[in-house]
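Results of the structural survey
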Amino acid sequence: QVHLVESGGGLVQAGGSLRLSCVASGSIFSIATMSWHRQAPGKQRELVARILSGGSTYYVDSVKGRFTISRDNAKNTVYLQMNSLKPEDTAVYYCYHFSSETGRGSWGQGTQVTVSS
């Protein structure tokens, strides 16, 4: 069973930066598709960024040029570097792991990001 632990959330002023980390255990991390999602109060959870096993990345338009997703397979960790943060980035951020080996997905517990204006 895959277990994900996120960290790095917090309170930051607009224009600031945060780096989220998600450590995975219980899987062959190097072949997993990893992604970050977020859910703001009263809104649906949305995909923010995705990184494939080969390193290809995808970003939702609202974060392009500000956020960077990366992975360190040696550490079973995926990161989300968030720069130029805006109040509208305030949300709970979730790490998601998809295993092509099992066809199953797993969620982390979430980490709160709050951006003050």
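**Here's the deal with the pattern of salt bridges**
- Here the structure, examined in full by the defined rule, presents four salt bridges.
- R38 serves as the salt-bridge partner of D89, at 3.0 Å between the closest nitrogen and oxygen. Here R38 lies in strand β4 (residues 33-39) and D89 lies in the loop between β8 (77-82) and β9 (91-99), a separation of 51 residues in the sequence.
- K64 serves as the salt-bridge partner of D61, at 3.0 Å between the closest nitrogen and oxygen.
- According to the relative accessible area criterion, D61 is exposed, its value standing at 61%.

**Concerning the packing of aromatic side chains**
- All told, the structure shown has two aromatic pairs when counted by the stated rule.
- Judged by centre distance (6.3 Å) and plane angle (85°), the ring pair of Y94 and W107 falls under edge-to-face. With Y94 in strand β9 and W107 in strand β10 (residues 104-107), this pair connects stretches of sequence that are 13 residues apart.
- Classification of Y94 by relative accessible area gives buried; the value is 14%.
- Relative to W107, the ring of Y96 has its centre 4.5 Å away and its plane inclined at 50°; by these criteria the two rings are tilted. Here W107 lies in strand β10 and Y96 lies in strand β9, a separation of eleven residues in the sequence.
- Seen from the ring of Y94, R45 lies directly overhead, with NZ or CZ sitting 3.7 Å from the centre.
- Sitting over the face of the ring of F29, R71 holds its NZ or CZ atom 4.8 Å from the ring centroid.

Reading the values: the criteria
- Per-chain numbering applies: the sequence of each chain, read as written, is numbered from 1 onward.
- Owing to the predicted nature of the model, reporting of local features is limited to residues with pLDDT of at least 70; listing and counting of side-chain atom pairs is limited to 80 or more, with chain, interface and lining totals taken over all residues.
- The basis for every side-chain value is the complete set of heavy atoms in the structure, and neither hydrogens nor water enter the calculation.
- Between Lys or Arg on one side and Asp or Glu on the other, a salt bridge is scored when a side-chain nitrogen of the former is within 4 Å of a carboxyl oxygen of the latter.
- Starting at the N terminus, helices and strands are each numbered in turn, a helix being any DSSP run of H or I of at least four residues and a strand any DSSP run of E of at least two.
- Only protein chains enter the calculation, and the probe is 1.4 Å; a residue is then buried if its accessible area is under 20% of its type maximum, exposed if over 50%, and partly exposed in between.
- We call Phe, Tyr and Trp rings a pair once their centres come within 6.5 Å, taking the six-membered ring for Trp, and we label the pair stacked below 30 degrees between planes, edge-to-face above 60, and tilted otherwise.
- By definition here, charges over rings are those cases where NZ of Lys or CZ of Arg is within 6 Å of the ring centre and within 35 degrees of the ring normal.

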